[in-house]
Amino acid sequence: MLHGLTADQRDAQTAFAHFTDERLIPHAGAWDHAERLDDAVIKDLAAARLLVPTLPSEAGGTGMDVVTYGLLSEELGRGCGSVRNLVAVQGMVAHAILRWGSKELADRWVPAIGTGTTIGAFALTEPDVGSDARNGTTTARRVPGGFEITGHKKWLSFAQRAGVFLLFARLDDDPAAFVVERDTPGLVVSPITGLLGLRASELGEVVLDSVVVPESSLLSHGRLTFDLVATSSLDYGRYSTAYGSVGLAQACLDATLDYTRTRTQFGVPLAEHQLVRQSLTDMITSVEAARLLCHQAGTMRAAAHRDAIRQTLIAKYFASQSAYTTATTAVQLHGANGVGPAYPVQRHLRDAKIQEIIEGTSQIQQLQIADLTLTQR
């Protein structure tokens, strides 16, 4: 438990934990196996106004503060990484449209995404362009009444069920962002299956073959579009991923504490062995440290502190690595049971690896954290 939370934040944290225990944990393994979320859990999230809780109430949210959103991300991450990912992606898309789009775009799509009527997908990554997303090859050109878009996007979370895509392309040699409906002629979505982790995130790739969209679909255009729209969206998702990694690590720690208390080897519980206790101590310390870094990032984001972006990068970098290390130790201490389907730690390990890749790989964050620190005054 974190110190310094308000009574409302603590109450919210308790409610999020109950939601996770009741609606996510009993089903997360089945969703992972099916590589798809149940429609019912998305309806439950929307009904509880947790799908994009940071939106205002008229758009389906609750105006949730930044710190509380972090607590939500942690609890969702403790239960199911794909559900946490869903909530993050919906927030990335909805807030980008709300902040940078026209009133027409915002009125049409933001409430639809916030209430779960439409699922959004963030279409940035391409088959040959991942970390270097600024140099994507998808292009748009002006045509009478709108724009014609041609390109290929890949690794898009929830593309399989998305009704709308926040899509990035190049227009007149400058970055541009468009809101593109799924049923637009020439747009084809193909599922990506057999993933290592976050298997219920329903990934897909999108091919756009001379897709024509109206002028009103243009969200932003100009040399600052990538920095303003894409980077701010990724920062939102990165904060969720950081806190979600803490939740995942906590789930691994909880499972391992339970297992080592009850599993007996050489006549005593595993937890009585000194080397096991050493591993447990490393896990405990790592989880606590990651949570504190995330909380620091959250409080700085809430205060609009000038160092909030760097602190979020630090939190995501450390927390995602902590989650993977903790999950690896959890599997090791479970022994053969750790790689079997009856225990959740094998799923957590697979999901943990993905946290080190999404919203900026650990290597890219090493560069960004160093660059931002070196240029500080």
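In this convention, every chain numbers its residues from 1, walking through the sequence in written order. Per-residue local features are limited, in this predicted model, to residues with pLDDT of at least 70; the limit for side-chain atom pairs, both in listing and counting, is 80 or more; totals at the level of whole chains, interfaces and linings are taken over all residues. To get the side-chain values, all heavy atoms of the structure are used, and hydrogens and water are removed first.

Turning to the pattern of salt bridges, a few remarks are in order. Where charged atoms from two side chains of opposite charge approach closely, those side chains can pair. Salt bridges are defined as contacts in which a side-chain nitrogen from Lys or Arg sits within 4 Å of a carboxyl oxygen from Asp or Glu. Applying the stated criterion to the full structure yields 22 salt bridges. Through salt bridges with shared partners, a single network forms among Asp32, Glu35, Arg199 and Arg350.

Membership of the largest hydrophobic core comes to 66 residues, with the highest contact counts inside it found for Leu37 and Ile97. To qualify as a nonpolar core, a set must consist of buried Ala, Val, Leu, Ile, Met, Phe, Trp, Tyr and Cys residues joined through side-chain atoms within 4.5 Å. The buried label applies to any residue whose accessible area, calculated with a 1.4 Å probe on protein chains only, is under 20% of its type's maximum; exposed applies above 50%, and partly exposed to all values in between. In this structure, Ala140, Leu156, Ala159 and Val189 belong to the second largest nonpolar core, which totals 21 residues.

The next thing to look at is helix 1 (residues 7–24). Runs of E in the DSSP output that reach at least two residues are strands. Runs of H or I that reach at least four are helices, and both are numbered from the N terminus. What a helix is expected to span follows from its residue count: subtract one and scale by 1.5 Å. Taking 1.5 Å per residue as the helical rise, helix 1 with its 18 residues ought to reach 26 Å, and the 25 Å between its terminal C-alpha atoms agrees with that figure. For helix 1, every residue scored as buried is listed here: Gln9, Ala12, Gln13, Phe16, Ala17, Phe19, Thr20 and Leu24. Looking straight down helix 1, one finds its buried side chains confined to an arc of 160 degrees; they lie on one side. Among the exposed residues of helix 1, those oriented more than 90 degrees off its buried face are Ala7, Asp11 and Glu22. When checking whether two residues touch, look at their non-hydrogen atoms; a contact exists if any pair is within 4.5 Å. Buried positions along helix 1 lie against helix 2 (28–34), helix 3 (39–47), helix 4 (66–79) and helix 5 (81–100). It is the directions from the helix axis to the C-beta atoms that the arc portrays.

Turning next to the domain arrangement of the protein chain. Source of the domain bounds: an automatic or database domain assignment. Along its sequence, the protein chain is carved into domain 1 (7–115), domain 2 (120–221) and domain 3 (225–375). Tallying the contact residues gives 16 residues for domain 2 and 15 residues for domain 3. In this description, buried area is defined as the sum, over both parts, of the accessible area (probe of 1.4 Å) that is lost when the two are combined. Broken down residue by residue, the surface that domain 2 buries against domain 3 is led by Arg134, Leu196 and Leu198, which jointly contribute 40%. Taken together, domain 2 and domain 3 are joined by one salt bridge. For the salt bridge of Arg134 with Asp227, the shortest nitrogen-to-oxygen distance reads 2.9 Å. Two N or O atoms form a polar contact when they lie within 3.5 Å of each other; inside protein one atom must be a possible hydrogen donor and the other a possible acceptor, and for residues adjacent in sequence the pair counts only when both atoms belong to side chains. Summed over the shared surface of domain 2 and domain 3, the result is five residue pairs in polar contact (both at pLDDT 80 or more). For the side of domain 2 that touches domain 3, the secondary structure elements donating two or more residues are strand 5 (174–181) and strand 8 (218–221). Ten residue types, Ala, Val, Leu, Ile, Met, Phe, Trp, Tyr, Cys and Pro, are classed as nonpolar, four, Asp, Glu, Lys and Arg, as charged, and the remainder, Gly among them, as polar. Looking at the side of domain 2 that touches domain 3 residue by residue, the class counts come to ten nonpolar, four polar and two charged.

Taking the numbering used here, the UniProt-annotated feature "domain: Acyl-CoA oxidase/dehydrogenase middle" (unreviewed entry) corresponds to residues 121–211. For residues 121–211, helix accounts for 0% and strand for 53%, while the C-alpha atoms at its two ends are 17 Å apart. UniProt positions are given in the numbering used here, feature names are shortened, and annotations may be inferred rather than shown by experiment.

Helix axes use the C-alpha atoms of the stretch in contact, all axes being lines fitted to C-alpha atoms, and the angles between their N-to-C directions lie in the range 0 to 180 degrees. At a closest axis distance of 10 Å, the pairing of helix 7 (residues 225–262) and helix 8 (residues 274–302) adopts a crossing angle of 155 degrees. By the angle between their axes, helix 7 is roughly antiparallel relative to helix 8. The element helix 7 and its partner helix 8 pack so that their crossing is left-handed. Angles below 35 degrees are treated as roughly parallel, those above 145 as roughly antiparallel, those between 65 and 115 as roughly perpendicular, and all remaining angles as oblique. Put simply, a crossing is left-handed when the front helix is turned counterclockwise from the back one by less than a right angle, and right-handed when it is turned clockwise.

With that settled, the discussion passes to unusual backbone geometry. If a residue is not glycine, its phi is most likely negative; likewise, a peptide bond is most likely trans. Of note in this structure, Asp172 is not a glycine but carries a positive phi near 55 degrees. The topology assignment puts Asp172 in the loop between strand 4 (164–171) and strand 5. Owing to a relative accessible area of 49%, Asp172 belongs among the partly exposed residues under this scheme. A positive phi angle, near 50 degrees, is found at Ser210, a position not held by glycine. Along the chain, Ser210 turns up in strand 7 (residues 204–214).

Looking now at the packing of helix 5 against helix 6 (residues 103–114). Following both chains from N to C, one finds helix 5 and helix 6 inclined at 160 degrees, their axes separated by 9 Å at the closest point. Viewed along their axes, helix 5 and helix 6 adopt a mutual orientation that is roughly antiparallel. Viewed along their axes, helix 5 and helix 6 form a crossing whose handedness is left-handed. Judged by residue contacts, Gln90, Val93, Ala94, Ile97 and Leu98 of helix 5 engage Leu105, Ala106, Trp109, Val110 and Ile113 from helix 6. Here the residues of the contact of helix 5 with helix 6 are counted per class, giving nine nonpolar, one polar and no charged.

Inspection of the secondary structure puts Pro53 in the loop between helix 3 and helix 4. Distance from Pro53 to Val87, taken between C-alpha atoms, is 8.7 Å for residues 34 residues apart in sequence. Not counting residues within four places of it along the chain, the set of residues in contact with Pro53 comprises Gly61, Thr62, Gly63, Met64, Tyr69, Leu72 and Val87.

What follows is about the packing of aromatic side chains. Note on ring pairs: Phe, Tyr and Trp rings are taken, using the six-membered ring of Trp, and paired if centres are within 6.5 Å. Classes follow the plane angle, with under 30 degrees stacked, over 60 edge-to-face and the rest tilted. All told, the structure shown has six aromatic pairs when counted by the stated rule. When the centroid spacing of 5.7 Å and the interplanar angle of 85 degrees are considered together, the rings of Tyr239 and Tyr243 count as edge-to-face. You can see Tyr239 and its partner Tyr243 sitting in helix 7, four residues apart, about one turn around the helix.

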